[in-house]
Amino acid sequence: MEIRIFDTPEEAGKAAADIIVETVVADPAAVLGLATGATPLPVYREMIRRYEKGDVTFSKTVTFNLDEYSSLPRKAESSYYTFMWSNLFSRIDIDGDNVHILDGCAPDKAAECARFDGMIDEAGGVDVQLLGIGTNGHIGFNEPADEFTGGTFEVKLSQSTRDSNIKYFADGNMPEYALTMGIGTIMKAKKILLMATGENKAKAIYAAVRGEVTPRCPASVLQNHPDAVFLLDKSAAKLLED
Ligand code: F6R
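It should be emphasised that the depicted structure is a prediction, and the values quoted were computed from it without experimental measurement. (Residues numbered from 1 in each chain as written. Predicted model: local features only at pLDDT ≥ 70, side-chain atom pairs only at ≥ 80, totals over all residues. Heavy atoms only, no water.)

Asks: Can you help me understand the overall build of the protein chain in this one?
Replies: The helix and strand inventory of the protein chain stands at seven helices and ten strands. A globule of 242 residues ought to have a C-alpha radius of gyration of about 18 Å, and the protein chain, at 17 Å, matches this closely. Each principal axis of the C-alpha distribution contributes one length, and for the protein chain these read about 45 × 40 × 35 Å. Within the protein chain, the proportion of its 242 residues that are buried is 55%. Restricting the contact set of the protein chain to residue pairs at least 6 apart, pairs at least 24 apart contribute 78%. Element-wise, carbon and sulfur atoms account for 49% of the exposed surface of the protein chain, whose accessible area totals about 10,600 Å². The averaged location of the 36 negative side-chain charges in the protein chain is 3 Å from the averaged location of its 24 positive side-chain charges. (Helix = DSSP H or I, 4+ residues; strand = E, 2+ residues; numbered from the N terminus. Rg over C-alpha atoms; globule rule 2.2 N^0.38 Å. Buried < 20%, exposed > 50% of the residue type's maximum accessible area, 1.4 Å probe, protein only. Contact = heavy atoms within 4.5 Å. Areas by Shrake-Rupley, 256 points an atom, 1.4 Å probe, with all protein chains shown as cover. Lys, Arg positive; Asp, Glu negative; His and termini not counted. Charge placed at Lys NZ, Arg CZ, Asp CG, Glu CD.)

Following this line, the structure appears as structure tokens:
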């Protein structure tokens, strides 16, 4: 894996956006894997800026989001569907038909997950997958476990993830389950950009980069990916001194 360290979250976000924009300029129909949460916001701001500047069009770009809460209507304020449309899709020229976000309210969750993996394969696989990381080392919602997961599946969220994300649910009603790309799905992406900012991610980054490859720290699996780039701000990289 390649590690790149930046002074600020904005610079790390700009570097991630540069790679994404270069990919889309080279192939306008590129397939992007996208993440939600606080970390990718600078990436999305820069993608919007580059689109507004006329550097890139996303009109043919295809996207797949990593995850979505189970049983939360798409239009809910805290859904990842709402997050993506508010923070990126409504601000660029993407075609809504090319946007793929898991339906957390699908009556048959297993069928929804299989359909999603099938659509990624049909699209030719993900060219660039953007990831954040949980303080417990999760990627997507692949929580620390005894074994690495495979395809997209429904997961019970860990207490640590619930504690980190409850702030996004004004009524305190946070779903206990989510649908997420599994580690097997994530690892199939041709290029992976993991972005982490802030000191609260430093331990997870140290474990992912320097620790053993173990499902107890799901992000550590990226040590085995042929093209994984970690884009970190100084605080998240704090324990990787040398
Ligand atoms: C989001 C996702 C999660 C987040 C992680 C970090 O789609 O899959 O793995 O990337 O929980 O979240 P933030 O960026 O809010 O610290």
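From this point on, the discussion continues.
Asks: Got a minute to help me understand the site of the ligand in this structure?
Replies: Near the ligand, the surroundings consist of 13 residues, among which Thr39, Asp67, His138, Gly140 and Lys201 are the closest. Protein chains bury 91% of the 410 Å² of accessible surface belonging to the ligand in isolation. Each residue belonging to the shell around the ligand can be placed in one class, and the counts come to four nonpolar, seven polar and two charged. (Near = heavy atom within 4 Å. Nonpolar A, V, L, I, M, F, W, Y, C, P; charged D, E, K, R; others polar.)

Asks: What is the right way to read the sheet that holds strand E9 (residues 191-196) from this model?
Replies: Taken in spatial order, the seven strands line up as E1-E10-E9-E6-E2-E3-E5 in an open sheet, and their pairing is parallel. Looking at the sheet topology across the chains shown, the edges are occupied by strand E1 (2-6) and strand E5 (99-100). Pairing of strand E2 (residues 31-34) with strand E3 (residues 62-65), which is carried by four bridges, proceeds in the parallel orientation. Looking across to E3, one finds that glycine 33 is bridged to phenylalanine 64. Most of the contacts of helix H1 (residues 9-26) go to E9, to which it runs at about 165°, and overall it touches E1, E2, strand E6 (128-131), E9 and strand E10 (228-233). (Pairing = 2+ DSSP bridges. Axes fitted to C-alpha atoms, helices over the stretch in contact; angles between N-to-C directions.)

Asks: Honestly, the pattern of salt bridges in this entry has me stumped. Any pointers?
Replies: Where charged atoms of side chains with opposite charge meet at close range, the side chains can pair. Summed over the entire model, instances satisfying the criterion amount to 13 salt bridges. Between glutamate 46 and arginine 49 there is a salt bridge, and its shortest N-O distance comes to 3.0 Å. With glutamate 46 and arginine 49 both in helix H2 (residues 41-52) and three residues apart, the pair spans about one turn of that helix. Using a relative accessible area of 39% as the deciding quantity, one classes arginine 49 as partly exposed. (Salt bridge = Lys/Arg side-chain N within 4 Å of Asp/Glu carboxyl O.)

Asks: Is there a simple way to think about the nonpolar core in this case?
Replies: Grouped burial of nonpolar side chains is what soluble globular proteins tend to show. Within the largest apolar cluster, 36 residues are counted, with the highest numbers of intra-cluster contacts made by Ile139, Leu194, Ile205 and Leu222. Elements with a minimum of two residues in this core: E3, helix H4 (109-122), helix H6 (183-187), E9, helix H7 (202-210) and E10. Residues within four places of leucine 194 in sequence aside, it is in contact with Leu131, Gly132, Ile133, Ile139, Ile205, Ala219, Leu222, Val229, Phe230 and Leu231. In this structure, Ala15, Leu34, Val56 and Leu231 belong to the second largest nonpolar core, which totals 33 residues. (Core = buried A, V, L, I, M, F, W, Y, C linked by side-chain atoms within 4.5 Å.)

Asks: Explain the side chain of serine 158 to me, please; I cannot follow it from the model alone.
Replies: Tracing the sequence through the fold places serine 158 in the loop between strand E7 (153-156) and helix H5 (159-165). Classification of serine 158 as buried rests on a relative accessible area of 18%. There is a polar contact of 3.3 Å between the side chain of serine 158 and the side chain of asparagine 136. If we skip the residues at most four places from it in the chain, serine 158 touches Asn136 and Glu143. (Polar contact = N/O pair within 3.5 Å; in protein donor to acceptor, adjacent residues only side chain to side chain.)

Asks: What am I meant to see in the packing of H2 against helix H3 (residues 80-87) here?
Replies: A pair of packed helices is captured by two measures, namely the crossing angle of their axes and the spacing between those axes. Where H2 contacts H3, the two axes come as close as 10 Å, and the packing angle between them is 40°. Accordingly, the angle class assigned to the pair H2 and H3 is oblique. Every residue of H3 that contacts H2 at Leu41, Tyr44 and Ile48 is listed here: Phe83, Met84 and Asn87. (Parallel < 35°, antiparallel > 145°, perpendicular 65-115°, else oblique.)

Asks: Even after reading the chapter, I still don't get H1, so can you show me in this structure?
Replies: Working note: α-helix, 3.6 residues per turn, so residues spaced by three or four point in the same direction. A rise of 1.5 Å per residue sets the reference length of H1, with its 18 residues, at 26 Å; its end C-alpha atoms lie 26 Å apart and thus fit the reference within 8%. Those residues of H1 that fall on the buried side of the exposure criterion are Ala12, Gly13, Ala15, Ala16, Ala17, Ile19, Ile20, Val21, Thr23 and Val24. (Expected span 1.5 Å × (residues − 1).)

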